[in-house]
Amino acid sequence: MRVLIVDDQSIIRHELGTMVAQFGYTPLTVDSGLEAIEVYPEFNPDIVLLDVIMPGLKGYEVAVELKKLAGHVHLPIIFITALDDKRSLLRGFEAGGDDFISKPFDPLILSAKLRAHMRTRSLSQSLEEKNKRLAYFNSRTEREYRIVQHIFSNALDKNLPKLNQLQSLFLPQSEFNGDVFLTACGPLGNLYLFFGDFTGHGLAAAIGTLPTSQTFFTMASRGSSITEIVSELNKRLQQLLPEDMFCAAVVMELSASGERISYWNGGMTPPALIDPDGGLHNYLTPQHVALGILENEQFDSGITSFAVELGSKVILTTDGLTEFVEPSGKMMGMDGVINLLERHSYSFDKIKEDICDRLENHQQKDDITLAVLDCVPTQLNVSHTPEALSTMPFELRVHLNVEQIRSHDPVTRILRAFKAVEGFRAHATAIFTLMSEVYVNAIDHGLLGMDSSLKNSYEGFEKYYLEREKRLDNLREGHVEINVNYVPEDKKIYFEVTDSGEGLTSLQQNEAIEFSELSYGRGLSLIKELAANVEWLNEGKTIRVSYDLARSTTG
Amino acid sequence: MNLFTEYSSDRKQFTIRVKGKFDFSMVQEFRQAYSEIGNEPVNIVIDFRETEYIDSAALGMLLNMRKALGTSAKSIQLINCRSEIRNILDISRFDKLFQID
């Protein structure tokens, strides 16, 4: 314990200093108020013994200054005064003094007083210490909250910007919450929705949003099916979440045409399907338990899928709204939600106002999310501006012997390379069909001598392919050669397949060019439609087709 | 495996999904897929969402399925066709034989 003794009389300084030292404490004596203030910061006393009447600064003036210097920690000040000087004693207390001692000094009393005041100071010190720690903790938590908030807003940033066909409102109970509403667009222009409610509230409930949104956005961008998406979400959440936490969710897909809905509902308030005339069509009832509960093997990813009339609506809401207790004491329920929407003609500004008004008089119990999806064409199908065609000509020759014909799929291989050529990708599907028909035709008829008419009957169809496989296995000699020639000036790919077979008679060639549906079937009619030109060369051993890259790929 | 099948949760719909290439190499697999369907009539959905390429054999398989299922298929819908696939189906006039979404 450090004790600062302030007195202008050296005899008192000496007497008190000696006593304090004898108690085992550390004294420092100064002879004026000014000096006391000067030594304070370095000496940092625990208790001050302060004379009231001194030349220069008076004791109570010094007391005010010292208390200021002590800040939040209590600094006990004990005035040294004469017993009969009541006036200065009172002023001393007013100035912040805590006690007094009078001459003659009794060592027992002084020692007891010092210990008593030290106890108060210790309490104050430990309180101050705790306050500091709390303030530090608070600011750290606040910082961490800000970081997490940032991460969350980034994670949900991938949500689609406002869509005309989708209205929603979101009234969370706290900054972080367990309601999740995600939207994404698939490569075909399909609209995906994830509408979920994690158990609990606040940060703990919100944490599951991160893996959920990542998985959902990634899979939607690939155009995955709802079945695949829910299986993956369940797997991730089951792995990640503690046992008592799970996520009730509706995962839904509206086709680009707006006429087909597929959904999976695990433990979520059943969304309502509303007919274009406003009548209730049905509820999309949950058939499954929530995500994150069942192990993979038990998890049922079965969806429900149905056609909807254009102009239908789907109303989705979390139980925060359906379980909202109306003044009548009744819960709002889905009927109440539908009524509310109808009353405001589905205008979300008014609906939000209405709900907020009701909430004002109630303690909101749960996060509230409400969304209405219009079943109309999504118009999300990003029309790719056609990529400029490569200007570099190239030729490609593939020569395959019997063994290589059996083990390779040259058309798929060529297509894989084609996709890397500027301007080819959009045509890949059509080019595949064309090349594949031409190639398969050369193998089947040129090398294997297959009879296409077999394919015309149901039993014959499969028999044809079994027979083909058998003949290919038994083929001893022969080869096939593919020549691909890209001519940028023509915007055309020329594709030639030559087989080592007998070739076609000129009559057969004529027939084939006329594409008699009977003998050659769908394959050749596809060739005819997709190719800009078809010709037989080399006595019918070579078929040469050209594909026009200026052709529309969408029919 | 590039072919996936699933029943809807009410078992009224049977979906077949082919990933990547739907061509003659799938003849048997495809037939096996729809032979799972029992006698109870269902809606058949062929989901082309992940189908990149098709050939005339695939078209043949679809026609054969239609023939084979007869009345046990309440409807056959071809869904999620990207425009390039749709183009091939249109050339073959499949819009007259199937519901294409």
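The structure displayed is predicted, hence computed values, not measured ones. (Residues numbered from 1 in each chain as written. Chains lettered and ligands numbered in written order. Predicted model: local features only at pLDDT ≥ 70, side-chain atom pairs only at ≥ 80, totals over all residues. Heavy atoms only, no water.)

(A) Structural detail: the overall build of chain B. Secondary structure assignment for chain B yields 3 helices and 7 strands. In sequence order, the secondary structure elements of chain B are arranged as β-β-β-α-β-β-α-β-α-β. What you see for chain B is a C-alpha radius of gyration of 12 Å, in line with the 13 Å of a compact globule of 101 residues. Each principal axis of the C-alpha distribution contributes one length, and for chain B these read about 35 × 30 × 25 Å. A burial count over chain B gives 58% of its 101 residues as buried. The long-range fraction of contacts in chain B, counting pairs at least 24 apart against all pairs at least 6 apart in sequence, stands at 67%. When the accessible area of chain B is evaluated, it comes to approximately 4,100 Å², of which 42% is carbon and sulfur surface. In chain B, which carries 14 positive and 14 negative side-chain charges, the distance between the mean positions of the two groups comes to 4 Å. (Helix = DSSP H or I, 4+ residues; strand = E, 2+ residues; numbered from the N terminus. Rg over C-alpha atoms; globule rule 2.2 N^0.38 Å. Buried < 20%, exposed > 50% of the residue type's maximum accessible area, 1.4 Å probe, protein only. Contact = heavy atoms within 4.5 Å. Areas by Shrake-Rupley, 256 points an atom, 1.4 Å probe, with all protein chains shown as cover. Lys, Arg positive; Asp, Glu negative; His and termini not counted. Charge placed at Lys NZ, Arg CZ, Asp CG, Glu CD.)

(B) Region of the structure containing the packing of aromatic side chains. Counted by the stated rule, this structure contains 21 aromatic pairs over all chains. Ring geometry for F93(A) and F100(A): centres 6.3 Å apart, planes at 85 degrees, overall edge-to-face. Judged by its relative accessible area of 35%, F93(A) is partly exposed. Since its relative accessible area comes to 24%, F100(A) is described here as partly exposed. Site record: aromatic cluster; members linked through ring pairs are F394(A), F418(A), F424(A) and Y486(A). Taking the ring centre of F24(B) as reference, the NZ or CZ of R468(A) above it sits at 4.6 Å. (Phe/Tyr/Trp six-rings, centres within 6.5 Å; stacked < 30°, edge-to-face > 60°. Lys NZ or Arg CZ within 6 Å of the ring centre and 35° of its normal.)

(C) Up close: the interface of chain A and chain B. Residue-level contacts link 50 residues of chain A with 44 residues of chain B. Looking at the side of chain A facing chain B, the largest losses of area belong to R260(A), T429(A) and Y458(A), adding up to 17% of the total buried there. The closest approach of N and O atoms between E253(A) and R49(B), which form a salt bridge, is 2.7 Å. Seen at the junction of chain A and chain B, the total is 18 residue pairs in polar contact (both at pLDDT 80 or more). Contributions of two or more residues to the side of chain A that touches chain B are made by helix 8 (226-240), strand 13 (304-307), helix 13 (410-418), helix 14 (428-447), helix 15 (458-474) and helix 17 (517-530) of chain A. Looking at which element gives the most residues to the side of chain A that touches chain B, the answer is helix 14 of chain A, with 8 residues. For the side of chain A that touches chain B, the residue count by class is 15 nonpolar, 23 polar and 12 charged. (Buried area = accessible area lost by both parts, 1.4 Å probe. Salt bridge = Lys/Arg side-chain N within 4 Å of Asp/Glu carboxyl O. Polar contact = N/O pair within 3.5 Å; in protein donor to acceptor, adjacent residues only side chain to side chain. Nonpolar A, V, L, I, M, F, W, Y, C, P; charged D, E, K, R; others polar.)

(D) Region of the structure containing the sheet that holds strand 6 (residues 73-79) of chain B. Residue and element names in this part refer to chain B. Within the open sheet, the 5 strands sit side by side as 1-2-4-6-7. Their pairing is mixed. In this open sheet, the two strands that pair with only one neighbour each are strand 1 (3-7) and strand 7 (99-100). Of the pairings in the sheet, the one linking strand 4 (residues 42-47) to strand 6 comprises 6 bridges and is parallel in character. Across the sheet, residue V42 finds its bridge partner in strand 6, namely A73. (Pairing = 2+ DSSP bridges.)

(E) The arrangement of the domain arrangement of chain A in detail. One can read the domain layout of chain A as domain 1 (2-128), domain 2 (159-374) and domain 3 (394-548). Between the C-alpha centres of domain 1 of chain A and domain 2 of chain A the distance comes to 70 Å. (Domains from an automatic or database assignment.)

(F) A look at the confidence of the model for chain B. Model confidence for chain B is summarised by a mean pLDDT of 90, while 99% of its residues fall at 70 or above. The complex model carries a pTM of 0.75, and its ipTM stands at 0.94. (pLDDT = per-residue confidence, 0-100.)

(G) Fine view of the side chain of D7(A). Take D7(A): it is sitting in the loop between strand 1 (2-6) and helix 1 (10-22). Apart from the residues within four sequence positions on either side, D7(A) is in contact with I12(A), R13(A), V30(A), D31(A), D51(A), M54(A) and I80(A).

(H) Main features of the confidence of the model for chain A. Across chain A, pLDDT averages 89, with 95% of residues at or above 70. In this model residues 516-520 of chain A is a low-confidence stretch, pLDDT under 50, and it forms 6 contacts with partners more than four residues away in sequence or in other chains.

(I) Fine view of the sheet that holds strand 5 (residues 99-101) of chain A. Residues and elements named next belong to chain A. Within the open sheet, the 5 strands sit side by side as 2-1-3-4-5. Their pairing is parallel. Every interior strand has two partners, whereas the edge strands, strand 2 (26-30) and strand 5, have only one. Taking each pair of neighbouring strands and ignoring which way they run, the sheet shows an average axis angle of 25 degrees. In this structure, strand 4 (residues 77-80) lies alongside strand 5, joined through 3 bridges in parallel fashion. Following the sheet pairing, I80 is matched in strand 5 by I101. (Axes fitted to C-alpha atoms, helices over the stretch in contact; angles between N-to-C directions.)

(J) Seen up close, the nonpolar core. In terms of nonpolar packing, the biggest core is built from 82 residues, with F22(B), F30(B), I44(B), I46(B), L62(B), M65(B) and L78(B) touching the most fellow members. Residues contacting I44(B), with those up to four places away along its chain left out, are F14(B), I37(B), M65(B), L69(B), A73(B), S75(B), I76(B) and Q77(B). (Core = buried A, V, L, I, M, F, W, Y, C linked by side-chain atoms within 4.5 Å.)

(K) The arrangement of the pattern of salt bridges in detail. A complete count under the given rule lists 26 salt bridges over all chains for this structure. With a shortest N-O distance of 3.3 Å, E481(A) and R397(A) are connected by a salt bridge. Taken together, the residues span a long stretch of sequence, with E481(A) in strand 17 (residues 479-487) and R397(A) in strand 16 (residues 394-401) at a distance of 84 residues. One salt bridge connects K21(B) with D409(A), and the closest N-O pair in it is separated by 2.3 Å. Remark: D409(A) occurs in the loop between helix 12 (402-407) and helix 13 and K21(B) occurs in strand 3 (residues 20-22); the pair is interchain, linking two chains.

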